[in-house]
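The lines below spell out each chain.
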Amino acid sequence: DEEIGMVNVFSAKHLGIHRFDVVVAHHEATNDNWVKRVIGLPHDTIMVKDDVLYVNGRVQEEPYLNTDYVNNIRSQGRKFTEDFGPVTLGENEYFLMGDNRVVSHDSRAVGPFHKEDIIGKNAYILYPFHEIKIVNNPMK
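Residues numbered from 1 in each chain as written. Predicted model: local features only at pLDDT ≥ 70, side-chain atom pairs only at ≥ 80, totals over all residues. Heavy atoms only, no water.

The next thing to look at is the sheet that holds strand S6 (residues 58–59). Either a parallel or an antiparallel arrangement is found when strands of a sheet pair, and the pairing is made through backbone hydrogen bonds. If you trace the 4 strands from one edge of the open sheet to the other, you get S6-S5-S4-S7, paired in antiparallel fashion. Every interior strand has two partners, whereas the edge strands, S6 and strand S7 (84–88), have only one. When strand S4 (residues 45–49) meets strand S5 (residues 52–55), the two strands line up antiparallel, connected through 4 bridges. In the sheet register, Lys49 faces S5, and the bridge partner there is Val52. (Pairing = 2+ DSSP bridges. Helix = DSSP H or I, 4+ residues; strand = E, 2+ residues; numbered from the N terminus.)

Once that is clear, we can look at the environment of Met47. In this structure, Met47 sits in strand S4. The exposure class assigned to Met47 is partly exposed, which follows from its relative accessible area of 25%. In this structure, the C-alpha to C-alpha distance between Met47 and Arg108, residues 61 residues apart in sequence, is 9.9 Å. Once residues within four sequence positions are removed from consideration, Met47 is found in contact with Val52, Leu53, Tyr54, Phe84, Gly85 and Pro86. (Buried < 20%, exposed > 50% of the residue type's maximum accessible area, 1.4 Å probe, protein only. Contact = heavy atoms within 4.5 Å.)

Bringing the pattern of salt bridges into the picture now. Within this structure, the stated rule accounts for 7 salt bridges. Notably, a salt bridge pairs Asp44 with Arg19, separated by 2.6 Å at the nearest N-O pair. One end of the pair, Asp44, is in the loop between strand S3 (32–40) and S4; the other, Arg19, is in the loop between helix H1 (9–14) and strand S2 (22–27), with 25 residues separating them in the sequence. Classification of Asp44 by relative accessible area gives buried; the value is 7%. (Salt bridge = Lys/Arg side-chain N within 4 Å of Asp/Glu carboxyl O.)

This next bit is on the environment of Gly40. Tracing the sequence through the fold places Gly40 in strand S3. A residue is classified by how much of its surface remains accessible, and Gly40, at 0% relative accessible area, is buried. For Gly40 and Ala25, which are 15 residues apart along the polypeptide, the C-alpha to C-alpha distance reads 14 Å. Excluding residues that lie within four positions of it along the chain, Gly40 makes contacts with Arg19, Ile46, Leu89, Glu93, Tyr94 and Phe95.

Laid out in structure tokens, this is it:
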């Protein structure tokens, strides 16, 4: 919230979208741009059961999540990511979720995004200055 940054439009359009990329996607209904992480790619089946993410039936590690924050939520007896799915994506559909799952409004609520909704990927936070960083795909 309240951060100012930029994203790489070229790489999103020409180098492709990969699982766990951070993207900026346009949400038509609210006419807003959302910063989210790509969890599902076209034709994937996504679900969360007992706070574990599954993609195509395989458990996915999520090293990009803030471990201390996740553990704090779980220590309160809450799930960090509520159960959902399975959701199977169609052609040209992407399932996006925020890294702060407890409060994120994302594909779990609004459904998948289409490739043409994705504006750019890899966020470069420029302001506030004490928050300068690159937010990208840790699996690359």
